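# What the coordinates show
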Amino acid sequence: LRRTLRLRNRALASRSSAAVRSEIGITSGVKGFTATMLQCRAVWQKLAPLSRASSTLGRTGSKRRVFKPYTVPPLGPSTGCLMSTGVSRNSNSNLMYFFIVGGTFIGGIAYVYSVIKEDKQRYKQRITQMRSISSGERKPEELSAKDASELPEQVSVKATAEKSETEIESPTVEPVSARPDIPSHVPYLLIGGGTASFAAARSIRARDPGARVLIVTEEPDLPYMRPPLSKELWFSDESSVTETLKFKQWNGKERSIYFQPPSFYVSPQELSSVENGGVAVLTRKKVVNIDVRGNKVRLDNDVEITYDKCLIATGGIPRNVPALERAGEEVQKRTTLFRKIEDFKSLETISRNVKSIVIIGGGFLGSELACALGRRAQNTELEVIQIFPEKGNMGKILPEYLSNWTTEKVRKEGVNVMPNTLVKSAKYINDKVVLLLKHGQTIKTDHVIAAVGLEPCVELAKSARLELDSDLGGFRVNAELQARSNIWVAGDAACFYDLKLGRRRVEHHDHAVVSGRLAGENMTGASKPYWHQSMFWSDLGPDVGYEAIGIVDSSLPTVGVFAKGTAKDTPRAVTEITGTGIRSESETETVASSVNVPADATAVAHPPAGGDDYGKGVIFYLRDQVVVGIILWNVFNRMPIARKVIKDGEEHDDLNEIAKLFNIHDD
């Protein structure tokens, strides 16, 4: 015990004087706090009777003096008592309490007001400091319009003896007119102004409502649909069709070829500052270089734009006929490679002022233009000639018997169709283009239209080091339409892998819509594979049209099942039902989950014979006894069933049973 006490005494003695002073300070502080609490208690004991008295006074006074001004009770002598506590009226306590409570109330309001005002000033100063710091890191054109509206014109805190010596000034915000016409950075950059780019832009905005999307296109026009350029626009009776670019569909409803009016878009100059993002279109500009590692592109005016995600949807360039390419400048001036709005406007004017036009090509575009110009020629002196190397119109797609029937249909439209014909050379003689044919014949004409296919535009592959497909052309992409990190490809320029049909490249409107939409979803993180079997359609006027899906190649074995057509089995009728001539808009994009065959349905394979009127029917294209392609001839709104048949990929012993699914004999 003694030893323990000695150790304790030594420990106490070893304490520093500072520690002892600290303990003394703490003890003094506790004593001071206790004294303060005792004083507050004494004050409260004095004020408590007054508080209880005032509450009683307020309750009795409110009954007698509702909404009347309060008056101080007289201070003269009185024998009555006003308060329940017994405080007499001749006491000065009421007056004192009145001034105490009133002063406290007014002082509290003043204090709260001053605190809120100071906090507001400190908040504004802090926000100004933060913005001035961030503006030093960003370029002036990257300031948003919202920031510019909230920043004060000039904030300056001058150095004084009482205040801080720091001076804060907000940056001068450039007006909209001073911002560059082309943004230096965009989150989403879409190269190409066609259908695929527009579909991707809508898909991006649907998944990311605040997205800022920039479309860069060489054309001077906003995104538009191309099919009407060779179809409905030619059947318009309006003389101003080249200006309005509006057309009447087969059902009589008017529609513009533009996907959206100009008000839908924002200007590239305001894209970085618009509050909720938007879609901007930079026209008449071409991307000439892509730096994939730096996420940067360079335009033809040497302006550079950085991006987070990029889509290549450059489409294709119309092919020319070798004989016309070798011809002189005068022949080139009188040749149209039909693709754009300018081509339609130019050809529409030419067709009204010349006497002869030759169309080279027997595929979709050539046959559609031949029918359109042939119908116009019926009321004018215009001569329309169509030449191609195949045996009949669309001979690379349709079986021979149906191709021959289509050729006769085109001839009835007023077109001089010359199959099995090749152009050997072309010259310009006596204000005429003279075409020398393979068999020694010559054709003199005023104008030539080359409609011999499309060459995918892949100029950016070299700078971006993207892989090209040597057989089909176009950029090779994976199942998610991605070519490189942060680079996607859609539309005509994409060579994709079809899970059912192998690697393919498709040049049709529906494929541009679906692939563009999927690319946009994957650019926002969807990671979806491309499985959709796109369809395409062609109309030879308002009475004959077809829809196709899969691989439709006339070199494959085919089985056709036909029935007599009715008034409901025409493009005009389907447009009246669906409300649109762009039939990919009316077709569902999902395959039919199940198909039901009516018990009394019948279908008999129609043996092709000369002179048959193929009113409506279904043509199956086979590879190893498996259906890989289907054409619905004047049969509409059955595309989900066709997708289901191709997706199943099964062998069929009797295609008559499959034909029952399309109900072509219902009428």
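Residues numbered from 1 in each chain as written. Predicted model: local features only at pLDDT ≥ 70, side-chain atom pairs only at ≥ 80, totals over all residues. Heavy atoms only, no water.

### Some words on the overall build of the chain
The cut-off we apply is this: The helix and strand labels rest on DSSP assignments: H or I over at least four residues marks a helix, E over at least two residues marks a strand, and numbering proceeds from the N terminus. Relative accessibility decides the category of a residue: with a 1.4 Å probe and only protein chains considered, values under 20% of the type maximum give buried, values over 50% give exposed, and everything between is partly exposed. All accessible-area figures derive from a Shrake-Rupley calculation using a 1.4 Å probe, and residue coverage is judged against the displayed protein chains alone.
Counting its secondary structure elements, the chain contains 16 helices and 28 strands. Counting the 667 residues in the chain, one finds 44% classified as buried. When the accessible area of the chain is evaluated, it comes to approximately 35,400 Å², of which 51% is carbon and sulfur surface.

### Some details on a nonpolar patch on the surface
Filter applied, for reference: The residues that make up patches have over 30% relative accessible area and no salt bridge, and they are joined within 9 Å when like-charged or within 5 Å when they are Val, Leu, Ile, Met, Phe, Trp or Tyr. Salt bridges are defined by distance alone: a side-chain nitrogen of Lys or Arg within 4 Å of a carboxyl oxygen of Asp or Glu.
Side chains of Met96, Ile100 and Val101 sit close together on the surface and give an oily, nonpolar patch of about 240 Å² of accessible area. By secondary structure assignment, the location of isoleucine 100 is in helix 3 (residues 93–137). Taking relative accessible area as the criterion, isoleucine 100 reaches 39% and is therefore assigned partly exposed.

### Concerning the side chain of serine 197
Counted only if it meets this: Any pair of N or O atoms that falls within 3.5 Å is considered a polar contact. Within protein, one atom must be able to donate a hydrogen and the other to accept it, and sequence-neighbouring residues count only if both atoms are side-chain atoms. Two residues qualify as a contact provided that any one of their heavy atoms is within 4.5 Å of a heavy atom in the partner residue.
Mapped onto the elements, serine 197 comes out in helix 5 (residues 195–207). Looking at serine 197, its side chain comes within polar contact range of the main-chain oxygen of glycine 192, at 2.5 Å. Those residues in contact with serine 197 that sit more than four places away from it in its chain are Leu190, Ile191, Gly192, Ile215, Leu311 and Ala313.

### Focus on unusual backbone geometry
Note: most peptide bonds trans; most residues except glycine with negative phi. Even without being glycine, glutamine 625 reaches a positive phi, approximately 65°. A positive phi angle, close to 60°, is found at asparagine 637, a residue other than glycine. By the element assignment, asparagine 637 lies in the loop between strand 28 (626–633) and helix 15 (639–648).

### So, the packing of aromatic side chains
Which entries qualify depends on this criterion: Only rings of Phe, Tyr and Trp enter the pairing, Trp through its six-membered ring, and a pair is recorded when the two centres are within 6.5 Å. The plane angle decides the type: under 30 degrees is stacked, over 60 is edge-to-face, the rest tilted. Two conditions define a charge located above a ring, namely a distance within 6 Å from the ring centre to NZ of Lys or CZ of Arg, and an angle within 35 degrees of the ring normal.
Summed over the entire model, instances satisfying the criterion amount to 12 aromatic pairs. When the centroid spacing of 6.2 Å and the interplanar angle of 80° are considered together, the rings of tyrosine 401 and phenylalanine 562 count as edge-to-face. Placement of the pair is tyrosine 401 in helix 11 (residues 400–412) and phenylalanine 562 in strand 26 (residues 558–563), with a sequence separation of 161 residues. For the pair tyrosine 401 and phenylalanine 562, one class covers both residues: buried. Each member of the aromatic cluster is reached from another via a ring pair, and the members are Phe364, Trp405, Phe536, Tyr546 and Trp633. The side chain of lysine 647 reaches across the aromatic face of tryptophan 531, ending 5.9 Å from its centre.

### Structural notes on the nonpolar core
How we decide: By convention a nonpolar core is built from buried Ala, Val, Leu, Ile, Met, Phe, Trp, Tyr and Cys residues, the set being connected through side-chain atoms within 4.5 Å.
The biggest cluster of nonpolar side chains holds 105 residues, and the ones touching the most others in it are Ile290 and Trp633. Broken down by element, the residue count for this core peaks at six residues, all from helix 10 (residues 364–377). Counting residues in hydrophobic clusters, the runner-up holds 23 residues, among them Ala563, Leu622, Ile630 and Leu661.

### Description of the pattern of salt bridges
Side chains that differ in charge, positive against negative, can pair when their charged atoms come close. As enumerated under the stated definition, the model contains 24 salt bridges in all. Put simply, arginine 226 and glutamate 219 hold a salt bridge, and the shortest N to O gap is 3.2 Å. Classification of arginine 226 by relative accessible area gives partly exposed; the value is 22%. Here glutamate 219 falls in the buried class, since its relative accessible area comes to 8%. Residue lysine 644 pairs with aspartate 648 through a salt bridge whose shortest N-O separation is 2.9 Å. Of the two residues, lysine 644 and aspartate 648 are both situated in helix 15; the distance of four residues between them amounts to about one turn of the helix. Here lysine 644 falls in the buried class, since its relative accessible area comes to 17%. One salt-bridge network, held together by shared partners, links Glu329, Glu330, Lys333 and Arg334.

### Some details on the sheet that holds strand 15 (residues 432–437)
We count it as follows: Note on pairing: DSSP must find at least two bridges between two strands before they are called paired. Between N-to-C directions, angles cover 0 to 180 degrees, with each direction set by a line fitted to C-alpha atoms, over the stretch in contact for helices.
The three strands are arranged 14-15-16 in an open sheet whose pairing can be described as antiparallel. The sheet is open, and its two borders are formed by strand 14 (423–429) and strand 16 (442–445), each paired with just one other strand. Across the sheet, the mean angle separating the axes of adjacent strands is 20° when strand polarity is ignored. Sheet topology places strand 14 next to strand 15; six bridges connect them, and they run antiparallel. Within strand 15, the position partnered with valine 423 by the bridge is leucine 437.

### Let's talk about the environment of phenylalanine 344
Residue placement: phenylalanine 344 occurs in helix 9 (residues 341–353). Judged by relative accessible area, which is 0%, phenylalanine 344 ranks as buried. As a C-alpha pair, phenylalanine 344 and tryptophan 234 span 110 residues in sequence and 9.1 Å in three-dimensional space. Not counting residues within four places of it along the chain, the set of residues in contact with phenylalanine 344 comprises Leu229, Leu233, Trp234, Val241, Thr242, Leu245 and Phe338.

### Here's the deal with the packing of helix 5 against helix 13 (residues 509–523)
Threshold: Working rule for handedness: look at the near helix, and if it is turned counterclockwise from the far one by less than a right angle, call the crossing left-handed; if clockwise, right-handed. Polarity classes work like this: nonpolar for Ala, Val, Leu, Ile, Met, Phe, Trp, Tyr, Cys and Pro, charged for Asp, Glu, Lys and Arg, and polar for all others, with Gly in that last group.
Remark: helix 5 packs on helix 13, axes separated minimally by 7 Å, with the N-to-C direction vectors making an angle of 35°. Like other packed secondary-structure pairs, helix 5 and helix 13 cross with a definite hand, here right-handed. Between helix 5, through Thr195, Ala196, Ala199, Ala200, Ser203, Ile204 and Arg207, and helix 13, the contact on the second element is made entirely by His509, Ala512, Val513, Gly516, Arg517, Gly520, Glu521 and Met523. When its residues are assigned to classes, the contact of helix 5 with helix 13 shows seven nonpolar, five polar and three charged.

### A word on the sheet that holds strand 24 (residues 535–539)
Spatial ordering of the open sheet is given by 24-25-28-27-26, a layout of five strands whose pairing is antiparallel. Taken across any chain shown, the strands that pair with only one partner, and hence form the sheet edges, are strand 24 and strand 26. Each strand of the sheet is rotated relative to its neighbour by a mean of 15°, with strand direction disregarded. Where strand 25 (residues 545–550) and strand 28 come together, five bridges link them in antiparallel fashion. Considered in strand 28, the bridge of alanine 548 is made with isoleucine 631.

### Notes on the pairing of strand 15
Hairpin connection, strand 14 to strand 15: the antiparallel pair is bridged by two residues, and asparagine 430 has positive phi, about 55°. The pairing of strand 15 with strand 16 spans four bridges and is antiparallel. Paired with leucine 435 across the strands is isoleucine 443, a residue of strand 16. Where strand 15 folds back onto strand 16 in an antiparallel hairpin, the turn is made up of four residues, including glycine 440, whose phi is positive at roughly 95°.

### What about the confidence of the model for the chain?
The condition that has to hold: The predictor's confidence in any single residue is recorded as pLDDT, a number from 0 to 100.
Looking at the chain as a whole, its pLDDT mean stands at 79, while 71% of the residues score no less than 70. No element of the chain has a lower mean pLDDT than helix 4 (residues 145–150), at 40, and none a higher one than strand 2 (residues 212–216), at 98. Here residues 16–24 is a poorly scored stretch, pLDDT under 50, and it has one contact once near neighbours within four places are set aside; other chains count.

### What to know about the pairing of strand 17 (residues 447–450)
Side chains His447 and Ile449 project from strand 17 onto one buried face, and the interleaved Val448 and Ala450 project onto a second face that is buried too. In this sheet, strand 17 lies alongside strand 10 (residues 335–337) in parallel orientation, the contact comprising three bridges. Pairing of leucine 337 across the sheet is with alanine 450, part of strand 17. Inspection of the sheet shows strand 11 (residues 356–360) paired to strand 17 by four bridges, in the parallel sense. Paired with isoleucine 359 across the two strands is isoleucine 449, which belongs to strand 17.

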